Amino acid sequence: MSQENLLPLAQWPRPAAGQLLGVLTDIDDTLTTEGEVPEHVVASMAALHAAGLKIVPITGRPVGWSEPFARVWPVDAIVAENGAVALRRNAQGGLDKLYQQDEATRRANYARMQQVLEQIEAQVPGARRATDSAGRECDIAVDHSEFTHLPQVQIDECVAIMRAAGMNATVSSIHINGWFGAHNKWEGAQWIVRTLFGRDLAGELDRWVYIGDSTNDQLMFERFGHSFGVANIARFVPQLTHLPRYVTPSERGDGFVELSRAILATANA
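All chains use their own residue numbering, which begins from 1 and follows the written sequence. Side-chain atom pairs in this predicted model are given and counted only at pLDDT of 80 or more, local residue features only at pLDDT of at least 70, and totals for whole chains, interfaces and linings cover all residues. Note: side-chain values were computed over all heavy atoms of the structure, leaving out hydrogens and water.

Stacked, tilted and edge-to-face pairs are distinguished by plane angle, under 30 degrees for stacked and over 60 for edge-to-face with tilted covering the rest, among Phe, Tyr and Trp rings (Trp via its six-membered ring) whose centres lie within 6.5 Å. What the rule picks out here adds up to 8 aromatic pairs. Here the aromatic rings of Tyr210 and Phe221 are separated by 6.1 Å at their centres, their planes lie at 65 degrees, and the arrangement is edge-to-face. With Tyr210 in strand β10 (residues 208–212) and Phe221 in helix α6 (residues 218–223), the pair connects residues that are 11 residues apart, well separated along the chain. Per residue, the accessibility class of Tyr210 equals that of Phe221, and both read buried. For the pair Tyr210 and Phe224, a centre-to-centre distance of 6.1 Å together with 35 degrees between the ring planes defines the contact as tilted. Of this pair, Tyr210 sits in strand β10 while Phe224 sits in the loop between α6 and β11 (227–229); the two residues are 14 residues apart in sequence, bridging distant segments of the chain. Numbering of helices and strands runs from the N terminus; a helix is a DSSP stretch of H or I covering at least four residues, while a strand is a stretch of E covering at least two. Buried, partly exposed and exposed residues are distinguished by accessible area as a fraction of the type maximum, computed with a 1.4 Å probe on protein chains only: under 20%, between the cut-offs, and over 50%, respectively.

This brings us to the pattern of salt bridges. When a carboxyl oxygen of Asp or Glu is within 4 Å of a side-chain nitrogen of Lys or Arg, the pair counts as a salt bridge. Under the counting rule described, the total for this entry stands at 16 salt bridges. A salt bridge links Arg136 to Asp139; the nearest nitrogen and oxygen atoms lie 2.8 Å apart. Look at Arg136 and you get buried, because its relative accessible area is 4%. Take Asp139: its relative accessible area is 1%, and that puts it in the buried class. Notably, a salt bridge pairs Arg252 with Glu251, separated by 2.7 Å at the nearest N-O pair. Judged by its relative accessible area of 42%, Glu251 is partly exposed. Look at the salt bridges and you will find they share partners, linking Asp28, Arg61, Asp132, Arg136, Asp139 and Glu146 into a network.

What follows is the structure in structure tokens.
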């Protein structure tokens, strides 16, 4: 694929006022900049939420890592571990944890995944589990760009080992994720929209926006007409089969803010 296929945000034919229902977003290198979510990005999420839009980050990050953000961000929920588990605030001020798999299945899968992770670390030169692995319940992750640099050939080898074990595998901007089960970002998005809002995401895709930055966002880019990449998606364009329709002028959190402003201009039109 070529970056020439990406249209600039300015060419987005904005929906009519009131048409959009919500924004689904990746986190790492979409909301974050240098590993942090800046205050102006949080403010943009708050402005979208105040305008009546649903806000749901969907990430490959672990549920344990996601908990502090689910408590304080102006979002309806966070879907973690590529669709396996969700966090939402409850009326008591705590968090409810929602799973797609039952406890017995999760326990059995966890044991199998640890074996695959150990195999990867033993066989692939330089491969190490992600530093956030302790917070993972439904997947495993190998670091390729967060605190280390793993060449593409080793990334491909990690993916191959996961898939040979019968796992799903995907590559984000920082990690290689693997898991057992049918869930993924797209399936997880449908699940949470149905569970929390009683809506059929697949039947109203023209009312939702998705924004991301890497290869593990492809299932979302493929389906959403209102699909966006932040500018740093350029790094992954050669590896993408499905590109977003539009790209923001700026990278990472600044790109998310630019999209938020465009959405709010539509909402307030």
